[in-house]
Amino acid sequence: MELSQLFMQLLSKGESAVNALEACNKELCKKMNGIYEPEDCIPYFFDTNEKGEILRPNEAYDELVEFWQVYREFDADISEDIKKELWILEMLYETDNYRASCENKKRKEKLSKRQRKIIEKLCSVIKEVYGRKYLVLLDTDQDAYRVWKKIRLDRYGQEGNFFEDAHVENELMKLMDKGGLAVLVVGHGGLTPKRLYGVELHGGGFKKLKEAELEKLRSLVTAENKRASLDGNLRGCPEAFVEQSALLKHENK
């Protein structure tokens, strides 16, 4: 049975989302019997060439993504302590990393020299701003701005974390294609107002947003938006790390 079907079947029988998730985790461990390292997941989820380079996602990848589509609405309600012990969420994050890396290369090849410099400049500014931060991307809906994606940046810019960097670059390149606003929200909130930095992006360039323009957007970009966060972040759990002994335990059941 496919993972998405198993998850929905268990929910329909009255099982909790946690129990359904753990059942799907066991099922994936059995399907991936003998694969214990994240880097070994590439040939399982992707078609590769003779050099081991990724060509395209395969059916196993599609099954994993279909599972995420039915599960993701429940993800915020699951304890982080539970999620970081699950192979299925580690595999979702790892495969999305590889997907983001491949996409990044293809998107950059299509950029003009000017567009590439704009993306590099924006990413540099995001990394330089100190403090807890997240990125909000806005597009237009019937002449009004709406939050399109909300991207956490707690792992962005860390040394050796190329995949998170590639993901943010990809989302900015998509926004440049369609046109819209990118607003960096910095600070914890509370008694101290969050700082806002923003630009308007379009195919040919960008324009820095004025303070008054940003203030008009404050309530929109600082409000909770579960859908935008799900759409904006990489799939799975970045903190998930499963030992080989735990995988063997599931395989033998």
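Per-chain numbering applies: the sequence of each chain, read as written, is numbered from 1 onward. Thresholds applied to this predicted model are a pLDDT of at least 70 for local features of residues and 80 or more for the giving and counting of side-chain atom pairs; totals over whole chains, interfaces and linings are not thresholded and use all residues. In computing side-chain properties, one takes all heavy atoms of the structure into account and sets aside hydrogens as well as water.

Caption draft 1: Representation of a negative patch on the surface in the model. Like charges are joined within 9 Å and nonpolar side chains (Val, Leu, Ile, Met, Phe, Trp, Tyr) within 5 Å, but only among residues with over 30% relative accessible area and no salt bridge; these make up the patches. Accessible surface area values rest on a Shrake-Rupley calculation with a 1.4 Å probe, where residue burial reflects the displayed protein chains alone. Whenever a carboxyl oxygen of Asp or Glu lies within 4 Å of a side-chain nitrogen of Lys or Arg, that contact is scored as a salt bridge. The positive count covers Lys and Arg only, the negative count covers Asp and Glu only, and His and the chain ends enter neither. Just so you know, the charge point we use is NZ for Lys, CZ for Arg, CG for Asp and CD for Glu. Negative charge collects at one region of the surface, where Glu2, Glu59, Asp62 and Glu66 lie side by side. Numbering of helices and strands runs from the N terminus; a helix is a DSSP stretch of H or I covering at least four residues, while a strand is a stretch of E covering at least two. Position of Glu66 relative to the elements: it lies in helix α4 (residues 59–71). For every residue, the accessible area obtained with a 1.4 Å probe (protein chains only) is divided by the maximum for its type, and the residue is called buried under 20%, exposed over 50%, and partly exposed between those limits. Owing to a relative accessible area of 39%, Glu66 belongs among the partly exposed residues under this scheme.

Caption draft 2: View of the sheet that holds strand β7 (residues 205–208). On the basis of which strands lie adjacent, the open sheet formed by 5 strands has the order β4-β3-β5-β6-β7 and antiparallel pairing. The sheet is open, and its two edges are formed by β4 (144–152) and β7, each paired on a single side. For this sheet the average axis-to-axis angle between neighbouring strands, irrespective of direction, equals 25°. Here 7 bridges tie strand β5 (residues 180–186) to strand β6 (residues 195–202), and the two strands are oriented antiparallel to one another. Across the sheet, Leu184 pairs through a bridge with Tyr197, a residue of β6. Pairing between two strands requires that DSSP report at least two bridges joining them. Convention adopted: a line fitted to C-alpha atoms gives each axis, helices being fitted over their contacting stretch, and angles between N-to-C directions are expressed from 0 to 180 degrees.

Caption draft 3: Here's a closer look at the packing of helix α1 (residues 3–12) against helix α2 (residues 17–31). It is at 9 Å that the axes of α1 and α2 come closest, and there the two elements cross at 150°. What the angle tells us is that α1 and α2 run roughly antiparallel. The element α1 and its partner α2 pack so that their crossing is right-handed. Contacts from Leu3, Leu6, Phe7, Leu10 and Leu11 in α1 reach Ala17, Ala20, Leu21, Ala23, Cys24, Glu27, Leu28 and Lys31 in α2. Here the word oblique covers every angle except those under 35 degrees (roughly parallel), over 145 (roughly antiparallel) and from 65 to 115 (roughly perpendicular). When the near helix sits turned anticlockwise from the far one by under a right angle, the crossing is termed left-handed; a clockwise turn instead gives a right-handed crossing. Should any heavy atoms of two residues lie within 4.5 Å, those residues are considered in contact.

Caption draft 4: Representation of the state of the cysteines. Working definition: a disulfide is two cysteine sulfur atoms within 2.5 Å of each other. Applying the stated criterion across every chain, the model contains 0 disulfides. Considering cysteine sulfurs only, Cys29 is the nearest to Cys237, which forms no disulfide, with 15 Å between them. We classify Cys237 as buried; its relative accessible area is 2%.

Caption draft 5: The packing of aromatic side chains, seen in detail. Only the six-membered ring of Trp is used, alongside the rings of Phe and Tyr, when aromatic pairs are assigned; centres must lie within 6.5 Å, and planes under 30 degrees apart are stacked while those over 60 apart are edge-to-face, with the rest tilted. Enumeration according to the criterion identifies 10 aromatic pairs in this entry. Ring geometry for Phe46 and Tyr61: centres 5.3 Å apart, planes at 45°, overall tilted. Here Phe46 is found in strand β1 (residues 46–48), whereas its partner Tyr61 is found in helix α4, with 15 residues between them in sequence. Each member of the pair, Phe46 as well as Tyr61, carries the same accessibility label: buried. One aromatic cluster is present, built from ring pairs that chain together Phe7, Phe67, Trp68, Tyr71 and Phe74. Any Lys NZ or Arg CZ that is within 6 Å of a ring centre and within 35 degrees of that ring's normal is treated as a charge sitting over the ring. Taking NZ or CZ as reference, Lys150 lies 4.6 Å from the ring centre of Tyr134, over its face. The aromatic ring of Trp148 is capped on one face by Lys178, whose charged end is 4.0 Å from the ring centroid.

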